[in-house]
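# Architecture at a glance
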Amino acid sequence: MSLASRRPAGTLIAASILDSDLAALGDEIRRAEAAGADRIHLDVMDAHFVPNLTFGWKTIEAVRHVTRLPFDAHLMIAEPGRWAAEFIDAGCDSITFHVEVAAPQIRPALEAIRAAGRSAGLSVKPGTPLESLSPYRDLLDIVLVMTVEPGFGGQAFMADVAEAKLGPARAWLDPGGACEVQVDGGGRHDTATVIGGGGTDVIVAGSALYRADDMAAEVARIRATADAARAAAIARAG
Ligand code: DX5
Ligand code: ZN
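In this report, we go over the structure that sits alongside the text. (Residues numbered from 1 in each chain as written. Chains lettered and ligands numbered in written order. Predicted model: local features only at pLDDT ≥ 70, side-chain atom pairs only at ≥ 80, totals over all residues. Heavy atoms only, no water.)

## Observations concerning the pairing of strand E7 (residues 180-184)
Test applied: The cut-offs for exposure are 20% and 50% of the maximum accessible area for each residue type, with area from a 1.4 Å probe on protein chains only; residues under the lower value are buried, those over the upper are exposed, and the others partly exposed. For the purposes of this entry, the term helix denotes a DSSP run of H or I that reaches at least four residues, the term strand denotes a run of E that reaches at least two, and both are numbered from the N terminus. When DSSP finds at least two bridges between two strands, those strands are taken to pair. For the handedness criterion, the strands are oriented away from the viewer, and a crossover whose path from the first strand over the helix to the second runs clockwise is classed as right-handed.
For E7, a buried count of five out of five residues is recorded, marking the element as mostly surrounded by other parts of the structure. As paired strands, strand E6 (residues 142-146) and E7 are joined by five bridges and run parallel to one another. Directly across from Val143, in E7, lies its bridge partner Val181. Where E7 meets strand E8 (residues 202-205), three bridges bridge the pair, whose relative direction is parallel. Bridging from a neighbouring strand, Asp184 pairs with Val204 of E8. Note on the crossover from E7 through helix H6 (residues 192-197) to E8: the handedness is right-handed.

Here it is in structure tokens:
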């Protein structure tokens, strides 16, 4: 089922396993589920689009069975069009890739993801304007706003990027709220007010969760902080 067919009622938390104990990835996914995370965010990197290399569809396929939570793939790879089918077959419920990749593959890849009944998303790096998404608006279930340079967990949140882009991204997708805005990079309780204030639907959190002493408390704290700010933003927007 398409993840983003409706705008979620409250802020959803997507746990990024990038900084988890990868020797026990299945257990780390179960830990996020037990802590109350809503989705599992899977950062795929190819050491080409970004200066880091992580895992691919075989790893995702191997851990698909450990949870019923949706798998949210974030492809930081140069050729998402070439590999989209593998990530669909691996069981990803949503697949987001970057608008900065070579353009000819973008529409076909979004169409393939949607044709498979999954949610399709595009992400913008901090320096990429939202306008770059305009040609693809009709095919987007997810807009993923990066608030760090993609490639690594644990980086500092770019509040200026969040403040400049989140409200406009949400307004661009409204009315109807058929699509969701995700924020990725530096998501934690002390940045959740700015994130929620932009009307953000999904917060990706990696290091904040996996380095927390109490992951469940951290999930609850991020969600509560973001929800309060998000409700105010939605009320303001009418
Ligand atoms: C970075 C990844 C993020 C990363 C977030 O390129 O896309 O999903 O895991 O990590 P934190 O939450 O630590 O910034
Ligand atoms: Zn990510």
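## Topic: helix H4 (residues 106-115)
Heads up, the rule is: In this description, one arc is meant: the one made by directions from the helix axis to the C-beta atoms. Any pair of residues with heavy atoms lying within 4.5 Å of one another is described as a contacting pair.
Looking only at H4, the buried set comprises Ile106, Ala109, Leu110 and Ile113. For H4, the buried positions fall inside an angular range of 100° around the axis, keeping them on one side. Here the buried face of H4 lies against helix H3 (80-89), strand E4 (94-98) and strand E5 (119-124). Phi for Gly117, located one or two positions after H4, is positive at around 80°.

## Brief notes about the sheet that holds strand E2 (residues 39-45)
The following threshold applies: Lines fitted to C-alpha atoms define the axes, with helix axes restricted to the stretch in contact, and inter-axis angles between N-to-C directions lie between 0 and 180 degrees.
Overall, parallel pairing links the eight strands, which are arranged E1-E2-E3-E4-E5-E6-E7-E8 in a closed barrel. Pairwise comparison of adjacent strand axes, ignoring direction, gives a mean angle of 25° for this sheet. Pairing of E4 with E5, which is carried by five bridges, proceeds in the parallel orientation. When the sheet's bridge partners are listed, Ser94 is paired in E5 with Ser119. Sitting on the sheet, helix H5 (residues 159-173) touches E5, E6 and E7, and the angle it makes with E7 is about 165°.

## Concerning the coordination of the zinc ion (ligand 2)
Counted only if it meets this: Coordinating donors are taken as N, O and S atoms within 2.8 Å of the metal, stretched to 3.2 Å for Na, K and Ca; because water is absent from the atoms, sites can appear incomplete. In these descriptions, tetrahedral denotes four donors with every angle between 85 and 135 degrees, square planar four donors and octahedral six donors with opposite donors over 155 degrees apart and the rest between 65 and 115, and irregular any other case.
Donor atoms from the polypeptide that coordinate the zinc ion (ligand 2) comprise His41 (NE2), Asp43 (OD), His74 (ND1) and Asp184 (OD), at 2.0 to 2.2 Å from the metal. Between the six donor atoms coordinating the zinc ion (ligand 2), the angles at the centre fall across 71 to 170°, so the site counts as octahedral. Between consecutive donors of the zinc ion (ligand 2), the numbers of intervening residues give the motif H-x1-D-x30-H-x109-D. Remark: Asp184 occurs in strand E7 and His74 occurs in strand E3 (residues 71-76); sequence separation between them is 110 residues. Taken as a pair, His74 and Asp184 share a single burial class, namely buried.

## Considering H5
What counts here: Expected span, for any helix, means 1.5 Å times one less than how many residues it has. The angle separating two fitted axes, one through the seven residues that finish at a residue and one through the seven that start at it, defines the bend at that residue.
An ideal rise of 1.5 Å per residue puts 21 Å on 15 residues; H5 measures up with 21 Å between its terminal C-alpha atoms. The largest bend along H5 measures about 30° and falls at Lys165, with the proline Pro168 one to four residues further on. Of all the positions in H5, only Val161, Ala162, Lys165, Leu166, Ala169, Arg170 and Leu173 are classed as buried. Looking at the buried side of H5, the elements it contacts are E5, E6, E7 and H6.

## Regarding the site of ligand 1
Basically, it comes down to this: By convention in these notes, a residue is near a molecule or strand provided one of its non-hydrogen atoms lies within 4 Å of it. As used in this structure description, the phrase polar contact means that two N or O atoms lie within 3.5 Å; if the pair is within protein, one of them must be able to donate a hydrogen and the other to accept it, and residues adjacent in sequence are counted only when both atoms belong to side chains. Buriedness for pockets is judged along seven lines, at least five of which must meet protein on both sides within 12 Å for an open set on the 1 Å grid over protein atoms alone, while cavities are sets there where a 1.4 Å probe fits but cannot get out, and lining residues have an atom within 4 Å of a point. Cavity and pocket membership follows a simple rule, namely that a molecule belongs there if more than half of its atoms are within 2 Å of the grid points. Gly is placed with the polar residues, together with every amino acid not listed as nonpolar (Ala, Val, Leu, Ile, Met, Phe, Trp, Tyr, Cys and Pro) or charged (Asp, Glu, Lys and Arg).
Neighbouring ligand 1 are 20 residues; Ser16, Gly151, Gly154, Asp184 and Ser207 lie closest to it. At 2.7 Å, a side-chain N or O of Ser16 approaches an oxygen atom of ligand 1. Within the contact set of ligand 1, an oxygen atom lies 2.8 Å away from a side-chain nitrogen or oxygen of Asp43. Judged by its atoms lying within 2 Å of the grid points, ligand 1 is housed in the largest cavity. Put simply, the parts of the chain that give the shell around ligand 1 at least two residues each are E2, E3 and E8. Top contributing element to the shell around ligand 1 by residue count: E2, with three residues. Along the lines of polarity and charge, the residues of the shell around ligand 1 split into eight nonpolar, 10 polar and two charged.

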